[in-house]
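Chain residues, written in single-letter form:
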Amino acid sequence: MIDERSTGVSDLPPGVIFRNEDRPSLAAGLTDHRLVESELRRALTQCQALLLEKDELIHRQELLKAESDHRLLNDLQMTISLLSLQSRSSTNPEAASQLALAANRVSMIARIHHRLNSYGGAKTIAFRKFLEDLGRDFSAMSSSDGVPGKISVEGSELNLPAPIAIPLGFIASELITNAAKYGGGRIVIRLEPDLAHRYALSVSNDGPALPEGFDPGANKGLGMRIVQSFTSQIGGELRISRGADGQGARFTVLFSEPTGASVS
C-alpha cells in the first residue's frame, strides 16, 4: 500500500502526477508585461498630446510673426508716404532733399525686410542671389527717381547663416546707397573668399576718387554709422580703398568664415 503522505501527491487533481512549480512565476511575468505595456501606452498618449500642443504653439507663433511682419511693413509704407509728402511740400531745397533721402532709405529697409521674409525662416541664405535681387530692387527704385541704375553682382555664391546674412544685407544696402549718391557710373557688388579663411563683400563705383586720408570713423553720415555698426555686430572689418585705375571708391567688409557657410 502506497503512503500518500510520502508521495506528496495527495493535493494534486485527479490524473495529475507532477506539479508545475513554474506556473506562478509565469503568471507573474504576464502581469508585469501587461503593466509595462500599459505604462508605455500611457507614455505614448502623453507624447502625442505634447506633440499636438507643440504644433499648436508653433502655428500660433507663425501667425503672430506673420501679423507682426504685416503691421511692420504697413508702418514702413506709412512712414515712406509721410516722408515723401513732406519732401514734396517743403519749400527748403535742402530739407526736401534730406526728406527724400530718408524716404528712400526706409523704402530699401522695407524691401530688404520683404525679401528676407520670402525665405520663410530659412537658416541659411544664398547670399549672391539675395544681392542680385537687392540690386534689381535698387535699380528699379533708382530708375523711378530718374536716376539710371547700373548694378552688377560678381563672385561666388555663398550660403550664409541668417544671423550673418541679415546684417550684411543692410550693409550692402547702405553701401549701394552711398555709391549711388556720391559716385557715378556702374556699381559693382562682389562676394568672394579672401585670404586667411575670410570672406569679402565689396561695393565699388566708377565715380570720383575718395580724398586722401579718408576716415570712415570721422564721417558723421548716418549711412556710414550704420555700416560700421553692422560690421562690428558680425565681428567684421571695414576697409576703404580706391577702385580700379585709382578711380572711384571701394568699400570692403571682411568677415570670418561662419559656421554653416558653404561656397558654391
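Residues numbered from 1 in each chain as written. Predicted model: local features only at pLDDT ≥ 70, side-chain atom pairs only at ≥ 80, totals over all residues. Heavy atoms only, no water.

A. Up close: the pattern of salt bridges. Under the counting rule described, the total for this entry stands at nine salt bridges. One salt bridge connects Glu132 with Arg128, and the closest N-O pair in it is separated by 3.1 Å. In this pair, Glu132 and Arg128 are both assigned in helix α4 (residues 127-144), four residues apart and thus about one turn of the helix distant. When its relative accessible area of 27% is taken as the criterion, Glu132 is described as partly exposed. For Arg128, a relative accessible area of 22% puts it in the partly exposed group. (Salt bridge = Lys/Arg side-chain N within 4 Å of Asp/Glu carboxyl O. Helix = DSSP H or I, 4+ residues; strand = E, 2+ residues; numbered from the N terminus. Buried < 20%, exposed > 50% of the residue type's maximum accessible area, 1.4 Å probe, protein only.)

B. Representation of the packing of helix α3 (residues 93-117) against helix α5 (residues 162-182) in the model. In contact at an axis separation of 11 Å, α3 and α5 are set at 145° when each is read in the N-to-C sense. Classified by chirality, the crossing of α5 by α3 is right-handed. The residues of α5 that touch α3, namely those facing Leu101, Arg105, Met108, Ile109, Ile112 and Leu116, are Ile166, Gly169, Phe170, Ser173, Glu174 and Lys181. Grouping the amino acids of the contact of α3 with α5 by side-chain chemistry returns seven nonpolar, two polar and three charged. (Axes fitted to C-alpha atoms, helices over the stretch in contact; angles between N-to-C directions. Left-handed = near helix turned anticlockwise from the far one by under 90°. Contact = heavy atoms within 4.5 Å. Nonpolar A, V, L, I, M, F, W, Y, C, P; charged D, E, K, R; others polar.)

C. Broad picture of the packing of α5 against helix α6 (residues 222-233). Interaxial distance between α5 and α6 falls to 9 Å at its minimum, and their mutual angle equals 155°. Between α5 and α6, the interaxial angle falls into the category roughly antiparallel. The element α5 and its partner α6 pack so that their crossing is left-handed. When α5 is examined against α6, the residues Pro167, Phe170, Ile171, Glu174, Leu175 and Asn178 are found in contact with a partner set consisting of Gly223, Met224, Ile226, Val227, Phe230, Thr231 and Gln233. (Parallel < 35°, antiparallel > 145°, perpendicular 65-115°, else oblique.)

D. Representation of α6 within the structure. The end-to-end C-alpha separation of α6 is 17 Å, in line with the 16 Å expected for 12 residues at 1.5 Å each. The set of residues buried in α6 consists of Gly223, Met224, Val227 and Thr231. Projection of α6 onto a plane perpendicular to its axis shows the buried side chains occupying an angular sector of 95°, all on one side. Exposed residues on α6 whose side chains face more than 90 degrees from its buried face are Ser232 and Gln233. Residues of α6 that are buried sit in contact with α3, α5, β6 (237-241) and β7 (249-256). Following α6 by one or two positions, Gly235 has its phi on the positive side, about 70°. (Expected span 1.5 Å × (residues − 1). Arc of directions from axis to C-beta.)

E. Representation of the environment of Arg128 within the structure. A sequence separation of 32 residues divides Arg128 from Leu160, and the C-alpha atoms of the two residues are 9.7 Å apart. With sequence-adjacent residues up to four places away left out, Arg128 is seen in contact with Val153, Glu154, Gly155, Ser156, Glu157, Leu158 and Leu191. Within the structure, Arg128 has its side chain in polar contact with the backbone oxygen of Val153 (distance 3.3 Å). (Polar contact = N/O pair within 3.5 Å; in protein donor to acceptor, adjacent residues only side chain to side chain.)

F. Main features of the packing of aromatic side chains. Tallied over the entire structure, the rule returns three aromatic pairs. Both rings, one in Phe127 and one in Phe130, keep their centres 5.4 Å apart while their planes meet at 20°; by these two values the pair is stacked. On the criterion of helical spacing, the pair formed by Phe127 and Phe130 is a turn pair, its members being three residues apart in helix α4. A residue is classified by how much of its surface remains accessible, and Phe127, at 0% relative accessible area, is buried. Judged by its relative accessible area of 1%, Phe130 is buried. Aromatic side chains Phe170 and Phe230 sit 5.5 Å apart centroid to centroid with 10° between the ring planes, which places their arrangement in the stacked category. Taken as a pair, Phe170 in helix α5 and Phe230 in helix α6 lie far apart in primary sequence, 60 residues in all. (Phe/Tyr/Trp six-rings, centres within 6.5 Å; stacked < 30°, edge-to-face > 60°.)

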